[in-house]
Amino acid sequence: MAESADPATPRASLHGQWSSRLAFVLAVAGSAVGLGNIWKFPYVAGQNGGGAFVLIYLLCVFGIGLPIMMAEILLGRRGRRNPITTMALLGREEAGSQRWALVGVIGMACGFLILSFYSVIAGWTLHYMVLAAQDTFAGADAAALGELFGGLVANPWILTGWHTLFMGITIFVVARGVEKGLERAVRIMVPALIAIMLALLGYSISFGGFAEGLDFLFRPDFDALTGSSVLAAMGQAFFSLSVGMGAVMAYGAYLPQEESIIKTSVAVVSADTAIALLAGIVIFPIVFANNLDPAEGPGLVFQTLPLALTKMPGGVFVGTAFFLLLAFAGLTSAISLMEPVVAWLMEGHAMRRGAAALLAGGTIWALGFLTVLSFNVLADLRFLRGTFFDNIDYLTSNIMLPAGGFLITIFAGWVMCSNSSADELDPEAGTVYGLWRVLTRYAAPVAVVLVFLNAIGVLG
Ligand code: TRP
């Protein structure tokens, strides 16, 4: 192992720092909390049989995702550059090889792919915001809502319009610099989103299906668990926590030296998980009370929550606010998906922030057409895992993020000198550091490999 360069004076970031620890926590929370919690978690849990999937998901969140989040932040803060340059720099320092930059390159490609579909889905929530405001859900039953959703995704023009608007807003915010506005947006949005979910929870408790919903989510049926659903649970953990591609690493680059990485990570991971579970607890009772199919797929939230909204007092307002807040939660996540590549274009290619955001965002926007068309014109074009959307989703969540996370654990746990990592994580938190190191060196990388092998059937 190469000797650590251990810079006496830590590097400085090239684009300033977060104004406080709270600003950083909120930024990482804004990245983590998004469509992954409210749109994706319930439908993926539904497709994979519920309880046992949820249990594996929780194990992956705390046993794999949490240590990787800490590793990403510590690498980011030590390198103080975009993920590609950071990994090249640290690779040279710690192992005499710049080839570790590959981790950043794969991560950026992964971010492009994720954002290309993420923006389309965020567009759905904007469309539903307008529908809610027009009181479209009034009196609708499950079948009518199914048709409403089917009608939306069948129309590539409408999808393109909202996708374009969402990418435009993302480009605009990233062009202005991520610190501005993010802090205030997240501070208001996340609590407001939780408040509305709690109100919806009241509906789910009182209108039937609650016991059945909880049973589905929390009573593990291990017979229903397959290798591919274990992989889906791990992929969902990476996706929901925003780890494995360098998004959190890019944010870590702006973290002041004295702030605690451990506390930040534990807070964000707990909040993200609580919100995903809350979404499940709200949605599944509605599914069972209305005889819907838990394995309905990507339309699940859009076909369940409006049923609750129509019966609520003030449902028009609450519904409009809910979909608006969800789009906001998506925006703060989208920003983090684009920040690594924008930082890289600025630092390595002397581009201005605005030009970098436009170039990256424009490319991602164009890629988004693969997802737009997956639900209509190209819906019957199926290969490997299904449509283009299915394949991009599978490739990013289930393969690229875990692979990136695996390389990050190898680098932070095995390649990096323990003096360097101990130096970045609170040196005084001895036991916590020891636990992190065990998880990062052994548990997390071994688990990722086992889940991969299990999914391709090698373990029988
Ligand atoms: N975590 C976000 C969500 O749950 C999505 C996201 C943002 C993401 N940044 C990421 C996913 C980086 C993977 C990697 O909606």
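For the structure, check the block above.
Criteria and cut-off values
Residues numbered from 1 in each chain as written. Predicted model: local features only at pLDDT ≥ 70, side-chain atom pairs only at ≥ 80, totals over all residues. Heavy atoms only, no water. 1 Å grid on protein atoms, 1.4 Å probe; cavity = no way out; pocket = protein on both sides within 12 Å on 5 of 7 lines; lining within 4 Å. Points joined across faces, edges and corners; volume = space filled by probe spheres on them. Helix = DSSP H or I, 4+ residues; strand = E, 2+ residues; numbered from the N terminus. Axes fitted to C-alpha atoms, helices over the stretch in contact; angles between N-to-C directions. Left-handed = near helix turned anticlockwise from the far one by under 90°. Contact = heavy atoms within 4.5 Å. Nonpolar A, V, L, I, M, F, W, Y, C, P; charged D, E, K, R; others polar. Near = heavy atom within 4 Å. Polar contact = N/O pair within 3.5 Å; in protein donor to acceptor, adjacent residues only side chain to side chain. Areas by Shrake-Rupley, 256 points an atom, 1.4 Å probe, with all protein chains shown as cover. Sits in = over half its atoms within 2 Å of the grid points. Phe/Tyr/Trp six-rings, centres within 6.5 Å; stacked < 30°, edge-to-face > 60°. Lys NZ or Arg CZ within 6 Å of the ring centre and 35° of its normal. Expected span 1.5 Å × (residues − 1). Buried < 20%, exposed > 50% of the residue type's maximum accessible area, 1.4 Å probe, protein only. Arc of directions from axis to C-beta. Core = buried A, V, L, I, M, F, W, Y, C linked by side-chain atoms within 4.5 Å. Salt bridge = Lys/Arg side-chain N within 4 Å of Asp/Glu carboxyl O.

*Asks:* When you look at empty space enclosed by the protein in this model, what are you seeing that I'm missing?
*Replies:* Using a probe with the size of a water molecule, rolled over the atoms, empty space left in the structure can be pinpointed. Per the stated rule, a full pass over the model turns up one cavity of 30 Å³ or more. The space that makes up the largest cavity amounts to roughly 150 Å³. Looking at the largest cavity, it is lined by 17 residues, and the ones nearest its centre are Ser 31, Ile 114, Phe 239, Ser 242 and Leu 337. Listing elements by their share of the lining of the largest cavity, those giving two or more residues are α1 (21–32), α5 (101–133), α10 (227–241) and α14 (315–349).

*Asks:* Help me understand the packing of helix α3 (residues 51–79) against helix α12 (residues 261–289) in this model?
*Replies:* Their axes nearest at 10 Å, the elements α3 and α12 cross at an angle of 145 degrees. The way α3 lies across α12 gives a crossing that is right-handed. Each of Val 54, Tyr 57, Leu 58, Val 61, Phe 62, Leu 66, Met 69, Met 70, Ile 73, Leu 74 and Arg 77 in α3 lies in contact with α12, whose residues at this interface are Ile 261, Ile 262, Ser 265, Val 266, Val 268, Val 269, Asp 272, Thr 273, Ala 276 and Leu 277. The residue inventory of the contact of α3 with α12, partitioned by class, reads 17 nonpolar, two polar and two charged.

*Asks:* For this particular structure, what's the right way to read the site of the ligand?
*Replies:* Neighbouring residues of the ligand: 17 residues in total, closest Ala 32, Gly 36, Tyr 118, Phe 239 and Ser 242. Between Tyr 118 and the ligand, the recorded distance is 2.4 Å, taken from a side-chain N or O atom to an oxygen atom. Protein coverage of the free-state accessible area of the ligand, which is 360 Å², stands at 100%. Cavity membership is defined here by more than half of the atoms lying within 2 Å of grid points; on that basis the ligand lies in the largest cavity. Elements represented by at least two residues in the shell around the ligand include exactly α1, α2 (35–47), α5, α10 and α14. Of the residues assigned to the shell around the ligand, the class counts are nine nonpolar, eight polar and no charged.

*Asks:* Help me understand the packing of aromatic side chains in this model?
*Replies:* The geometry of two aromatic rings is summed up by the distance between their centres and the angle between their planes. Applying the stated criterion across every chain yields a total of 28 aromatic pairs. With 6.3 Å between their ring centres and 15 degrees between their planes, Phe 117 and Phe 239 make a pair best called stacked. Within this pair, whereas Phe 117 is found in helix α5, its partner Phe 239 is found in helix α10, the two being separated by 122 residues in sequence. Here Lys 40 stacks its cationic end above the ring of Phe 239, 4.3 Å away from the centre of that ring.

*Asks:* What's the story with helix α6 (residues 142–153) in this structure? I'm lost.
*Replies:* Count 3.6 residues to each turn of an α-helix, and residues three or four apart come out pointing the same way. Relative to the 16 Å expected for twelve residues at 1.5 Å per residue, α6 spans 17 Å between its end C-alpha atoms, a close match to the ideal helical length. For α6, every residue scored as buried is listed here: Ala 142, Leu 145, Phe 149, Leu 152 and Val 153. The buried residues of α6 occupy one face: seen down the axis, they fall within an arc of 90 degrees. Every exposed residue of α6 that faces more than 90 degrees away from the buried side is listed here: Ala 143 and Glu 147.

*Asks:* Explain the side chain of Thr 86 to me, please; I cannot follow it from the model alone.
*Replies:* Mapped onto the elements of the fold, Thr 86 is located in helix α4 (residues 83–95). With near-sequence residues (within four places) excluded, Thr 86 lies in contact with Leu 75, Gly 76, Gly 79, Arg 80, Arg 81 and Met 249.

*Asks:* Explanation requested: the nonpolar core in the structure shown.
*Replies:* When a protein is soluble and globular, its nonpolar side chains tend to lie buried together. In terms of nonpolar packing, the biggest core is built from 163 residues, with Trp 39, Trp 124, Phe 322 and Met 338 touching the most fellow members. Sort the elements by how many residues they give to this core and α5 lands first, with 19 residues. Beyond its immediate stretch of four places on either side in the chain, Trp 39 contacts Phe 117, Ile 121, Trp 124, Pro 298, Val 301, Phe 302 and Phe 389.

*Asks:* What am I meant to see in the pattern of salt bridges here?
*Replies:* Should the charged atoms of two oppositely charged side chains come close, the side chains can pair. One pass over the structure, following the stated rule, counts seven salt bridges. Residue Asp 423 pairs with Arg 78 through a salt bridge whose shortest N-O separation is 3.6 Å. Taken together, the residues Asp 423 in helix α18 (residues 418–424) and Arg 78 in helix α3 connect sequence positions 345 residues apart. The partner of Arg 219 in a salt bridge is Asp 215, with the nearest N and O atoms 3.1 Å apart. Ionic contacts of the salt-bridge type, sharing partners, join the residues Arg 77, Arg 78, Asp 423 and Glu 424 into one network.

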